[in-house]
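# Remarks on the overall topology
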Amino acid sequence: MSSIIILGIESSCDDTSAAVLKDGVLLSNVTASQSVHAAYGGVVPELASRAHQQNIIPVVHQALSDAGINKSDLSAIAFTRGPGLLGSLLVGTSFAKGFAQALDVPLIDVNHLQAHVMAHFISQGKAGEKFPDFPFLCLLVSGGNSQIIKVEAYDKMEVIGQTIDDAAGEAFDKCAKVMGLPYPGGPFIDRLAKTGNKDAFVFNKPQIPDYNYSFSGLKTSFLYLLRDKEKENAAFVSENINDLSASLQYTVVEVLMNKLRKAAKDLNIKHEALAGGVSANSALREAFQLHAAKYGWEIYIPPFEFTTDNAAMIAITGYFKYLNNDFCSLDKVPFARVTNLL
Ligand code: KG4
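Since the structure is predicted, the reported quantities are computational estimates derived from the model, not experimental observations.

A word on the site of the ligand. In the neighbourhood of the ligand, 16 residues make up the surrounding shell, with Gly143, Asp173, Asp190, Gly277 and Asn281 lying closest. Separating an oxygen atom of the ligand from a backbone N or O atom of glycine 186 is a distance of 3.2 Å. The set of elements that each furnish at least two residues to the shell around the ligand consists of helix H4 (168-178) and helix H5 (186-193). Taken together, the residues that form the shell around the ligand break down as 5 nonpolar, 8 polar and 3 charged.

Okay, here's the thing in structure tokens:
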């Protein structure tokens, strides 16, 4: 049987990425991140679309060249169809359609969230690689999503809990912003928290039913604490930034883990995975390790480059869909919002 070579394309937010995967093994993964948003403290959708337009051809070219693959060798093109920013998605979708048509190869639409979960199955062709066993729960935490996903097969996933307002990464980023930290603030909070006292400040934890999350109340209570304390002491933030970061991070991680633990117990699922950009957080990783030791969990945390937005995860999802002859027609349009059917 000849090899299956998939080109994956990701453009859902502010990263333009292309990857080449051969028979499930990653050959290249190229990402152009957009620095233009830093000055605005968040992603500006119109600027993101324009940057995708500039980046997409060089990024695809680089991914093919790094992989040593000619475009005529490609078996199919997989692209992120949603959820994400519509203008951004349109760039990747339109490029994928045009390229697939020109090469006369099938087109595969990929759900971005399903792809974050599938990132656990990317092989780099190394010895001793470990992939999750089904069923498993995946805690997907990023700048745009906070979800618990029950995964029974690559094409059988159910969102059993999700945020009703802000995502975990958004909570980190917004609180970082009010402390005057650059965007995205999550990694700064992580760093500052290392020398802070997590018990210095107490924030209310949301009381939300089921496996759902809410982070907007935490963000508000953080904001109010700063506002009140700064009335008494204008240097409050700079004098307490490590303790503020540690207390905030502790609360976010507690909230995330409490629901995951509840779901794991209720559903009796011992395999737990972490995905999304916030999985870089050191306290969250540590909490996963502690839970593994305490509750006998088998845990899966992918390499960092596969947790943030990347095309390797689009390509691996595309590969599984290819094996299932699960292709899409040229009239498929991007979707901005998440549904609970992946
Ligand atoms: O998955 P991702 O790259 O893309 C979006 O969904 O936007 O996630 C980015 C998010 C940002 O909110 C960022 O602050 C957060 O992940 N993040 C972190 C850390 N590294 C990235 N949050 C906390 N601690 C970190 N070390």
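From this point on, the discussion continues.
Moving on: the nonpolar core. Leu139, Ile148, Met179, Phe215, Leu248, Leu256 and Leu284 are the most contacted members of the largest nonpolar core, which totals 45 residues. Where this core is concerned, the elements lending two or more residues are strand S6 (136-141), H4, helix H6 (216-232), helix H7 (236-267) and helix H8 (282-295). In terms of residue count, H7 provides more of this core than any other element does, 13 residues in total. In contact with isoleucine 148, other than residues within four places in its own chain, are Leu137, Cys138, Leu139, Glu158, Val159, Ile160, Gly161, Tyr211, Tyr213, Lys259, Leu260 and Ala263.

The subject of this paragraph is the sheet that holds strand S2 (residues 15-22). Strand order in the open sheet formed by 5 strands is S3-S2-S1-S4-S5, with mixed pairing between adjacent strands. Strands at the two margins of the open sheet, each flanked by one partner only, are strand S3 (25-33) and strand S5 (107-111). Neighbour to neighbour, the strand axes of the sheet diverge by 20° on average, direction disregarded. By the bridge criterion, 6 bridges tie strand S1 (residues 5-10) to S2 in an arrangement that is antiparallel. Across the sheet, leucine 7 pairs through a bridge with valine 20, a residue of S2. Against the sheet, helix H1 (residues 45-67) engages S1, S2 and S3, with an angle of about 25° to S2.

If you trace the 5 strands from one edge of the open sheet to the other, you get S8-S7-S6-S9-S10, paired in mixed fashion. Looking along the sheet, the strands with just one partner apiece sit at the ends: strand S8 (156-162) and strand S10 (298-300). Taken pair by pair, the neighbouring strands of this sheet meet at an average axis angle of 25°, ignoring direction. One ladder, built from 4 bridges, connects S6 with strand S9 (residues 271-275); its direction is parallel. Residue pairing in the sheet places cysteine 138 in a bridge with alanine 273 of S9.

In this structure the tally under the stated criterion is 14 salt bridges. Glutamate 152 serves as the salt-bridge partner of lysine 150, at 3.9 Å between the closest nitrogen and oxygen. Using a relative accessible area of 34% as the deciding quantity, one classes glutamate 152 as partly exposed. The partner of lysine 194 in a salt bridge is aspartate 190, and the shortest N-O contact between them spans 3.6 Å. Connected via shared salt-bridge partners are Asp166, Glu170, Lys174 and Lys219.

Once that is clear, we can look at the side chain of serine 11. By the element assignment, serine 11 lies in the loop between S1 and S2. A distance of 2.8 Å separates a polar atom in the side chain of serine 11 from the backbone oxygen of serine 88. Setting aside chain neighbours within four positions, we find serine 11 in contact with His52, Thr80, Ser88, Leu89, Val91 and Gly92.

Cut-offs used in this document
- Residues numbered from 1 in each chain as written.
- Predicted model: local features only at pLDDT ≥ 70, side-chain atom pairs only at ≥ 80, totals over all residues.
- Heavy atoms only, no water.
- Near = heavy atom within 4 Å.
- Polar contact = N/O pair within 3.5 Å; in protein donor to acceptor, adjacent residues only side chain to side chain.
- Helix = DSSP H or I, 4+ residues; strand = E, 2+ residues; numbered from the N terminus.
- Nonpolar A, V, L, I, M, F, W, Y, C, P; charged D, E, K, R; others polar.
- Core = buried A, V, L, I, M, F, W, Y, C linked by side-chain atoms within 4.5 Å.
- Buried < 20%, exposed > 50% of the residue type's maximum accessible area, 1.4 Å probe, protein only.
- Contact = heavy atoms within 4.5 Å.
- Pairing = 2+ DSSP bridges.
- Axes fitted to C-alpha atoms, helices over the stretch in contact; angles between N-to-C directions.
- Salt bridge = Lys/Arg side-chain N within 4 Å of Asp/Glu carboxyl O.

As far as function goes, none of this settles anything; it's purely spatial.
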